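What follows is each chain in one-letter form.
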Amino acid sequence: MQRDLSEELRQIYNCSPDELLLHTARYERLLNLYRLSFSGQNPTFIVRAPGRVNLIGEHTDYNGYPVMPMAIDRDFVFVLAPSSSGVIDIVNESPSFERRTINARFPVPPYQQGDWGNYVKAAVHGILEAGWVDPKNVTGFQAFVGGTIPESAGLSSSSALVVASALAFLAANNTQVEKEQLAELLARAERYVGSEGGGMDQAVSLLAEPGKALKIDFFPLRTQPVSLPENLSFVVCNSLIRAPKSESLRYAYNRRVIECRLATALVAKTVEERSGKNSQPQRLADLSGEKLGLEQRTVDKIVAQAIGERPLSLKDVSYFLGETAEAVQQRLCTLRDGSVLAEPPEGFKIWNRYKHVVSEAQRVESAAGAFQAGDVSAVGSLMNASHVSCRDDYEISCPELEVLVSVGREVGAVGARLTGAGFGGCTVNAVPSNQVRQFIDRVTIAYYHEYVRQEKEKPFTKYTNLHDVVFVCRATTGAGAWPNRGDR
Ligand code: GLA
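Calculation criteria
- Residues numbered from 1 in each chain as written.
- Predicted model: local features only at pLDDT ≥ 70, side-chain atom pairs only at ≥ 80, totals over all residues.
- Heavy atoms only, no water.
- Axes fitted to C-alpha atoms, helices over the stretch in contact; angles between N-to-C directions.
- Helix = DSSP H or I, 4+ residues; strand = E, 2+ residues; numbered from the N terminus.
- Parallel < 35°, antiparallel > 145°, perpendicular 65-115°, else oblique.
- Left-handed = near helix turned anticlockwise from the far one by under 90°.
- Contact = heavy atoms within 4.5 Å.
- Nonpolar A, V, L, I, M, F, W, Y, C, P; charged D, E, K, R; others polar.
- Near = heavy atom within 4 Å.
- Polar contact = N/O pair within 3.5 Å; in protein donor to acceptor, adjacent residues only side chain to side chain.
- Buried < 20%, exposed > 50% of the residue type's maximum accessible area, 1.4 Å probe, protein only.
- Domains from an automatic or database assignment.
- Buried area = accessible area lost by both parts, 1.4 Å probe.
- Salt bridge = Lys/Arg side-chain N within 4 Å of Asp/Glu carboxyl O.
- Core = buried A, V, L, I, M, F, W, Y, C linked by side-chain atoms within 4.5 Å.
- Phe/Tyr/Trp six-rings, centres within 6.5 Å; stacked < 30°, edge-to-face > 60°.
- Lys NZ or Arg CZ within 6 Å of the ring centre and 35° of its normal.
- Pairing = 2+ DSSP bridges.

Undergrad: Quick question: what am I supposed to make of the packing of helix 13 (residues 376-392) against helix 14 (residues 399-410) here?
TA: When two helices pack together, their arrangement is given by the angle between their axes and by how far apart the axes lie. Where helix 13 contacts helix 14, the axes come no closer than 12 Å and their chain directions differ by 165°. Considering their axes alone, helix 13 and helix 14 lie roughly antiparallel with respect to each other. Here helix 13 and helix 14 pass one another in a crossing that is left-handed. Across the interface between the two elements, N384, H387 and R391 from helix 13 touch E402, V405 and R409 from helix 14. Residues belonging to the contact of helix 13 with helix 14 are distributed by class as follows: 1 nonpolar, 2 polar and 3 charged.

Dropping the structure here:
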């Protein structure tokens, strides 16, 4: 029995024998806790979905441009069994997340904002809406859940939970779906929690390959595994500033999505006026130099001249588009829940957002080449340039991330940048593998011992184990479900 499980885990985690023992012990613990929670019954399935660290390509996904994340060895694991009712009953190992019982009937009404059960509901609602499970014959499940992805830290714990919930629900209903199709569906389904995210997190959680990063293109979804230079490690450092995308940062995240939508409309109008091409673009990538048959530099120049570099008010945008402010709000500023994003007092920073997205897309393409060629110094420079653009043009950094990025570079990272949605969360550092130990020790002293202790008034997250805030990421395989054999 034991051997089956550890063989399964060896393939997933691609790790040393010592680490494998730890992973196996964790799964055994979850299996036991399931039995304790559900009157001694045996679980019949195990599901796992990893978090991710994005190496480069930030806020490009919802614009139709590529990203390059890797799945990590931090994940959600569900041990479960189908239940004869249509009810989903989930117990979370962490006492901060209360047991949730969900009636799997469409439409699934959400809990209040910020409730962890909404990520499970998002998956179930999305699958029922797509008709992948017969609404008249829904099987629920009971599950014990354990998660190791730091929460609200830009490592995609929420999407991993959505993916794991979806795989659990599909397994309970004996339904198979192509992973690409599932990734596309879940990217839309996760908007149930209120942020207008792109498709990176769900795609890498499902489609990653062990030992590789994944270059992902969107609309349609395509993935390409990218080899990582052997002598380079990726170390994640948590700034300890929470960045909950579905709560306080919802406005900041959605604002950028809307600014990009406005950019698309304005660029389209400009191109139409200059070239007569009416391209009906859905998103910025539909207006790339390549798609328009022009040099990217030329497109950028036209855009800068036409829309200018200063922030634009709603009035400016509507004047430019020749529509009323109400029409612009309705067509371009409306969120999935029907609410209209409030106009930022400083105006919409269209040019800066455009500049970040287009230049970041080019950096992803260059980074894919640099990774394949093992060109460590090019990888580092591209990551550093990405950070500058995220900070200055997309404005998603914060003082603590700035300190952590500088510390990372000072103590040996060849490239360091914020990762994920931003506004807090983690940095990712490319560090020569033979210097990782030293790097971690020095970051620990400079950031966690000195900076965090000295800035007492800041709302840093508490932690008990340093290993949960600074760690090397191992690129693992994507999510999966498998039967739990025997009486394990
Ligand atoms: C969040 C979203 C992703 C992506 C990143 C920023 O993680 O879920 O789709 O937009 O932010 O790159």
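Undergrad: How do you make sense of the site of the ligand when you look at a structure like this?
TA: Contacts to the ligand come from 13 residues, most closely from E58, H59, D61, D201 and Y253. Within the side chain of E58, an N or O atom sits 2.7 Å from an oxygen atom of the ligand. At a separation of 2.7 Å, an oxygen atom of the ligand approaches a polar side-chain atom of Y253. The residue makeup of the shell around the ligand, split by class, is 4 nonpolar, 4 polar and 5 charged.

Undergrad: Just to check I follow, could you spell out the side chain of Q296 for this structure?
TA: Mapped onto the secondary structure, Q296 falls in helix 9 (residues 296-307). By relative accessible area, which is 15% here, Q296 ends up buried. A distance of 2.7 Å separates a polar side-chain atom of Q296 from the backbone nitrogen of G289. The residues touching Q296, leaving out its near neighbours within four places in the chain, are S288, G289, Y354, V358 and Q362.

Undergrad: When you look at the domain arrangement of the protein in this model, what are you seeing that I'm missing?
TA: By a widespread convention, an interface's size corresponds to the accessible area lost as its parts come together. For the protein, the assigned domains read domain 1 (2-51 + 71-198 + 476-483) and domain 2 (250-352). Just the C-alpha atoms count here: the centres of domain 1 and domain 2 sit 37 Å apart. In this assembly, 9 residues from domain 1 lie in contact with 7 residues from domain 2. Summing both sides of the interface, domain 1 and domain 2 together bury roughly 690 Å²; the carbon and sulfur share of this comes to 44%. The largest per-residue losses of area from domain 1 upon contact with domain 2 belong to Q113, G194 and E196, which jointly make up 61% of the total buried on that side. Counting the contacts that link domain 1 with domain 2 gives 1 salt bridge. E196 serves as the salt-bridge partner of R261, at 3.6 Å between the closest nitrogen and oxygen. Where domain 1 touches domain 2, the interface holds 5 residue pairs in polar contact (both at pLDDT 80 or more).

Undergrad: Looking at this structure, I do not really get the nonpolar core. What am I missing?
TA: The nonpolar side chains of soluble globular proteins are, as a tendency, buried together. Among the nonpolar cores identified, the biggest contains 84 residues, and F78, F141, F169, L186 and F234 are the most heavily contacted of them. With 11 residues, helix 4 (residues 157-172) is the single largest residue contributor to this core. Counting 48 residues, the second-largest nonpolar core is a separate cluster that includes Y62, A268, L312 and V328.

Undergrad: Sorry, what's going on with the packing of aromatic side chains here?
TA: The geometry of two aromatic rings is summed up by the distance between their centres and the angle between their planes. The full count for this structure, using the stated rule, is 12 aromatic pairs. Each ring, one from Y13 and one from Y27, has its centre 6.4 Å from the other, and the planes form 75°; the classification is edge-to-face. Taken together, the positions of Y13 in helix 1 (residues 2-13) and Y27 in helix 2 (residues 17-37) put the pair 14 residues apart, joining distant regions of the chain. There is no split in this pair, since Y13 and Y27 are both buried. Taken together through their ring pairs, the aromatic side chains of Y447, Y448, Y451, F460 and Y463 make up a single cluster. In this arrangement the basic side chain of K121 is found over the ring face of Y111, its NZ or CZ atom lying 3.6 Å from the centre.

Undergrad: What is the right way to look at the sheet that holds strand 4 (residues 100-103) in this model?
TA: As a general point, the strands of a sheet are linked pairwise by backbone hydrogen bonds and lie either parallel or antiparallel. Strand order in the open sheet formed by 6 strands is 4-3-5-2-1-12, and the pairing between neighbours is mixed. Strand pairing shows two members of the sheet lacking a second neighbour, strand 4 and strand 12 (480-483), which therefore form its edges. The mean inter-strand angle of the sheet, taken between neighbouring strand axes irrespective of direction, is 25°. Where strand 1 (residues 45-56) meets strand 2 (residues 68-83), 10 bridges bridge the pair, whose relative direction is antiparallel. Within the sheet, the bridge partner assigned to F45 lies in strand 2 and is L80. Across the face of the sheet, helix 3 (residues 117-130) comes into contact with strand 3 (87-92) and strand 4 while running at roughly 25° to strand 4.

Undergrad: Which parts of the structure should I look at to understand the pattern of salt bridges?
TA: As a working rule, side chains carrying opposite charge can pair if their charged atoms are close by. Taken as a whole and assessed by the stated rule, the structure comprises 31 salt bridges. A salt bridge links E58 to R417; the shortest N-O distance between them is 2.7 Å. Taken as a pair, E58 in the loop between strand 1 and strand 2 and R417 in strand 9 (residues 415-419) lie far apart in primary sequence, 359 residues in all. Of the residues examined, R417 reaches a relative accessible area of 0% and is grouped as buried. With a shortest N-O distance of 2.9 Å, D468 and R74 are connected by a salt bridge. On the criterion of sequence distance, the pair formed by D468 in the loop between helix 15 (436-454) and strand 11 (470-472) and R74 in strand 2 is long-range, its members being 394 residues apart. When its relative accessible area of 34% is taken as the criterion, D468 is described as partly exposed.

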